[in-house]
Each structure stands twice: as C-alpha cells, then as structure tokens.
Amino acid sequence: MGELYNPSPNLPRNIRQIGERDQVVKLYVEDYVNTYLKRLYPAGGQELRVGVLLGSLEIYDGTPYIFIDGALEMEDVTEYGKKVVFSELAWKKTCQSMEQLFPRRSVLGWFLCGRPGDDLSPLNYWKQHVQYFGGPNKLMYLSSGADGDETIYITSEDGFYRLKGYSIYYERNQMMQDYMVLRKDIKRIETDTNDKVIEEFRKRMDEHKGDLTGRYQRVSILRGMCMAMSVVILAGGIVMFNNYERMRDMESVIASAIPARAEQILIGKQGTKKDSKKESQVVVEEAEGGVYPTEAVKQETMAPTLPGQGGESQTQAAAETKAAAETQAAAETKAASETQAAETKAASETQAAAQETKAAPKETEAAATGNYRVRVVQEGETLYGICLEEYQSVNRVKEICEINGLDDENKIVAGQKLLLP
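Residues numbered from 1 in each chain as written. Predicted model: local features only at pLDDT ≥ 70, side-chain atom pairs only at ≥ 80, totals over all residues. Heavy atoms only, no water.

A.B. asks: I tried to follow the overall build of the chain on my own but got confused; where do I start?
C.D. replies: For the chain, the count of helices and strands is 10 helices and 13 strands. Taking all 421 residues of the chain together, the buried fraction comes to 26%. Taking the contacts inside the chain whose residues are at least 6 apart along the sequence as the reference set, 68% of them involve residues at least 24 apart. (Helix = DSSP H or I, 4+ residues; strand = E, 2+ residues; numbered from the N terminus. Buried < 20%, exposed > 50% of the residue type's maximum accessible area, 1.4 Å probe, protein only. Contact = heavy atoms within 4.5 Å.)

Written as structure tokens, this is what we have:
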C-alpha cells in the first residue's frame, strides 16, 4: 500500500485569525514577530525602518502555506524622502545576521514601518520589491506607527494583490525573543485580549515546571540517602575488620605467652597425678570383730589385736594387712621401673644427639679446615661451566668429582653445595 494522502500541512494548534481567511495564500505569523512589527516605528531622524521577513514555505494541493517566525531589520538602507536603497554591504551584513540569529530560515519578503499617520503606498516600493524580492509568494508588509494601519501584499501567479487576512500562532519562539532582547528597542507588549488559550498554555508550563522541581528535589534526597548508607556500611565493615584483626593478634599474643615446653610439662604433671591417684587408692573396709585402723599403717607393722577376740579375727586381719603391703610394694616397683625406663630413654636420646652432632657433613668439615671453598650450584649451571668460571680450565673437573663423591660430572642440581679446591 502507498502512503496516505495528506491534504494539509502540520498547522499550529493555537491560532488567532486576523481579518478574513484568504483563499489563495495561507499566511501564519508568529506572535512575537507580529508584536515586534506593530511596535516598530522610526525614532530620531529616521523616516522608515526596513527589514526582511524570515520563515518557511510549504505548498499543498497548489495552495501556498507561509509561516513567518522571524523579522530582521536591515541597517543603512533608507534615504531622505522615505526612499529605500539596498547596497551590497547591507545585504552582506543581513546574511551574516541571519546565519547567527535565524539559522535555516529563508527570506520570504520584507517589511517597511513608518511613523504614526504615514501613508505608505506599495506603488512607491514596487520597483525594489520586484528587483530584490521577485518571484511568487513574496510578501510586502507595510505598517504606520505603533498599532497603526497595517497591510500585507503578496505576489502570486495572478499578480500583486493585498491579502484579506492572516493567522497569528503562538509558540516558544526563542530565536525571536533573543533578537528582541538584543535590539533593546522593542519590548513585547501583550495584546488587550483575554485569550484563554494563552492563559492555559502558561498555566500548564508553570505546573510542568513545578513538577520538574519536585522530582529534582526527591532525586537529590534519595541520592543523599544512598550516599549516607554507603558510608555507614563501609565504616561498619572497616570496624568489623579491625576488630577481627585485633582478636587474631590477641590470640597470637596469648599463645606466645605460654611456651610449648611449659605446656607439655604441665600436661605431663597432670597425667602423673591422675595415674598416682589411680594407683594409690587403698580401700579400707570395716571388718566384723571390732578391728579398726587407728594409726598410719607402715610397711612391716601389723594392727594390734584386742584381747578376748577369737583366732579367726586375728587370721583375717593378718591376711588383709599382708595384701595391703603386697599392693603397695607392687605399686612402688612399677613406679621405679617406669622411672628407670624414662631415664634410659633420655640417655639414648642424648647419645643419639651427640652422634648426630659428630656426624657432620664432609663438606662442612673440609671447609672448616680452610682447604676448600663451598659453592652453591645455581639454576642452569654445569660442572664444566663452574670449572671454566673458577679456574679458566676444565682440567679440575675430575678432582672436584672425587672431592664431592660425584660418580657423573653431568649430574648436579640447583641448590647443591660443592667443595672447590
């Protein structure tokens, strides 16, 4: 399917009709431009103020739609007697101003503003219009003073005629606002109309501005809260890490305060006490017949027998005393044997240490005598390379092998110690 047919251009929504609707040409003038032209009139020694009308042109179904959103005054183009003379320098300055202030705009006509009460006739400026603004759909805007009579003429295929009316549309024309501020001789004056469209537009703009301000404040508050939470979390992590490090340091300090040897001795003593308690437990039972322990039982002493008791009681008491003596003797014999075994083990360890001390490496004993030097083999070195480096010859390789007990001169490893003569 082809594209849908568009019978009309994208027209502004907020418009106000001035005069009747023209059926040949549709002219739309932006409100700032209209206000500027109505309030523009000669001052001082001037008789006319002349400039160009800027905007865009679109044609739909043979009907031209002209949109004027800029007006730029030209300098040094008027002469005495309300005459207009366009010079090359004036056009050059105008083109430069257009590029800076009204980019991507086309010249669609010109305007002439006189003093209040002046009767400006288009016939007096027809020659300049045809010479500099020739072609169809070119405008000539004539105005007589502030809020004076205004007429708009246009050239078309049918000739040069006066428009019946035009439309004023409203938008944020920043280019024209900046130009009016730059000129400083024209201020925007509101028309004496209670236009509901303009009021509604401004109200919506104010509400939108308030909403944007509130959103910005909320975003700023949330950003600040997030930053504060991040700082708090970071500080908490740092504190926890420092506490953990302190606990580890304290643990290491406590562990280092008790030597390993002392800890082993304490553990050994506690074990010995437990064993001795288990071995020295003697159960004293009360026997029938009136036998009681009165004094500490010695190794060869028996408890006295009370007079008047039978022979069975004396025999039982003697048997119990003998059993206790045998148990105590067995415990002392076991303790003596354990002590002797510990002393034997310590003596053997001392003798082994002495033997290890005597069995020093050959290279250490030889180096101590001062006849040899000790060299540590580095990564990638060979015995022939070491000989060349030390003696500038390989003739002593065999001698080094004999001193160090090497069977193969090619089998040396990094870190190995060699004795060199």
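Don't stop here, the text continues.
A.B. asks: Any chance you could explain helix H1 (residues 31-38) here in plain terms?
C.D. replies: Note on helix geometry: an α-helix contains 3.6 residues per turn, so any two residues three or four positions apart are oriented the same way. Across the 8 residues of H1, 7 count as buried, placing the element largely inside the fold. Taken together, the buried positions of H1 are Asp31, Tyr32, Val33, Asn34, Thr35, Tyr36 and Leu37. Two or three places before Tyr32, at the start of H1, stands the capping residue Glu30, its side-chain oxygen 2.7 Å from that residue's backbone nitrogen. (Polar contact = N/O pair within 3.5 Å; in protein donor to acceptor, adjacent residues only side chain to side chain.)

A.B. asks: Just checking my understanding: could you explain the packing of H1 against helix H4 (residues 174-183) for this structure?
C.D. replies: When two helices pack together, their arrangement is given by the angle between the helix axes and the distance between those axes. Look at H1 against H4: their axes get within 9 Å of each other, and the N-to-C directions meet at 30 degrees. When the interaxial angle is binned, H1 and H4 end up roughly parallel. Seen along the crossing, H1 lies across H4 with a hand that is left-handed. In this structure, H1 contributes Tyr32, Val33 and Tyr36 to the contact, and H4 contributes Met176, Gln177, Tyr179, Met180 and Arg183. The residue makeup of the contact of H1 with H4, split by class, is 6 nonpolar, 1 polar and 1 charged. (Axes fitted to C-alpha atoms, helices over the stretch in contact; angles between N-to-C directions. Parallel < 35°, antiparallel > 145°, perpendicular 65-115°, else oblique. Left-handed = near helix turned anticlockwise from the far one by under 90°. Nonpolar A, V, L, I, M, F, W, Y, C, P; charged D, E, K, R; others polar.)

A.B. asks: Looking at this structure, how should I read the pairing of strand S11 (residues 165-169)?
C.D. replies: One face of the sheet, then the other: side chains in a regular strand alternate in exactly this way. Extensive coverage of S11 is indicated by the burial of 5 of its 5 residues. On S11, burial covers both faces: Gly165, Ser167 and Tyr169 on one face and Tyr166 and Ile168 on the other are all buried. Note: strand S1 (residues 15-19) against S11, 5 bridges, orientation antiparallel. Bridge assignment links Arg16 to a residue of S11, and that residue is Ile168. Looking at chain direction, strand S2 (residues 26-30) and S11 are connected through 3 bridges and run parallel. Along S11, the bridge assignment pairs Tyr28 with Ser167. (Pairing = 2+ DSSP bridges.)

A.B. asks: Sorry, what's going on with the pattern of salt bridges here?
C.D. replies: For side chains of opposite charge, pairing can occur when their charged atoms come near one another. The final tally for this structure, using the stated rule, is 10 salt bridges. We note a salt bridge from Glu390 to Arg373, for which the minimum N-O separation is 3.4 Å. You can see Glu390 sitting in helix H9 (residues 383-391) and its partner Arg373 sitting in strand S12 (residues 373-376), a full 17 residues away along the chain. Looking at Arg373, the relative accessible area reads 42%, which means it is partly exposed. Glu399 serves as the salt-bridge partner of Arg396, at 3.2 Å between the closest nitrogen and oxygen. (Salt bridge = Lys/Arg side-chain N within 4 Å of Asp/Glu carboxyl O.)

A.B. asks: It is not clear to me how the sheet that holds strand S8 (residues 139-144) should be interpreted in this structure. Could you clarify?
C.D. replies: To summarise the sheet geometry, strands pair through backbone hydrogen bonds and adopt either a parallel or an antiparallel arrangement. Across the sheet, 9 strands lie side by side as S1-S11-S2-S4-S3-S7-S8-S9-S10; this open sheet has mixed pairing. A single partner strand is all that each edge strand has here, and the edge strands are S1 and strand S10 (159-162). The average angle at which neighbouring strand axes cross in this sheet is 25 degrees, direction not considered. In this fold H4 packs onto strand S3 (49-60) and strand S4 (63-73), with an angle of close to 30 degrees to the strand it touches most, S4.

A.B. asks: Before we go on, may I ask you to explain the side chain of Arg49 in this structure?
C.D. replies: Locating Arg49 in the fold gives a position in strand S3. The exposure class of Arg49 is buried, given its relative accessible area of 8%. One polar contact links the side chain of Arg49 to the main-chain carbonyl oxygen of Tyr41, over a distance of 3.2 Å. Among the polar contacts listed, one links the side chain of Arg49 to the side chain of Glu73, at a separation of 3.0 Å.

A.B. asks: Help me out: how do you make sense of the packing of aromatic side chains in this one?
C.D. replies: The geometry of an aromatic ring pair comes down to the distance between the two centres and the angle between the two planes. Applying the stated criterion to the full structure yields 14 aromatic pairs. Seen in terms of ring centroids, Tyr28 and Phe67 are 5.3 Å apart; in terms of plane orientation they differ by 15 degrees. Their pairing is stacked. Remark: Phe67 occurs in strand S4 and Tyr28 occurs in strand S2; sequence separation between them is 39 residues. Phe67 gets classed as buried once you look at its relative accessible area, which sits at 9%. Among the aromatic residues, ring-to-ring pairing joins Phe86, Trp91, Trp110, Tyr125, Tyr132 and Phe133 into one connected group. Of note, Arg396 hangs over the ring of Tyr391, and the distance from its end group to the ring centre comes to 4.6 Å. (Phe/Tyr/Trp six-rings, centres within 6.5 Å; stacked < 30°, edge-to-face > 60°. Lys NZ or Arg CZ within 6 Å of the ring centre and 35° of its normal.)

A.B. asks: How do you make sense of the nonpolar core when you look at a structure like this?
C.D. replies: Judged by nonpolar contacts, the single largest core of 48 residues is most densely connected at Leu27, Ile68, Trp110, Leu112, Leu139 and Met176. Among the elements that make up this core, the one with the highest residue count is strand S7 (residues 106-114) (5 residues). Setting aside anything within four residues of it in sequence, one finds Ile68 in contact with Leu27, Tyr28, Val29, Glu30, Val33, Leu53, Leu54, Gly55, Leu108, Leu139 and Tyr169. Grouped together as the second largest cluster of nonpolar side chains are 12 residues, Leu383, Ile386, Leu406 and Ile412 included. (Core = buried A, V, L, I, M, F, W, Y, C linked by side-chain atoms within 4.5 Å.)

A.B. asks: Sorry if this is basic, but what is going on with a nonpolar patch on the surface here?
C.D. replies: Judged by side-chain polarity, Ile221, Leu222 and Met225 come together as a nonpolar surface patch covering roughly 320 Å² of accessible area. Here Ile221 lies in helix H5 (residues 196-257). Residue Ile221 is classed as exposed on the basis of its relative accessible area of 53%. (Patch = residues over 30% accessible without salt bridge, like charges linked within 9 Å, V, L, I, M, F, W, Y side chains within 5 Å. Areas by Shrake-Rupley, 256 points an atom, 1.4 Å probe, with all protein chains shown as cover.)

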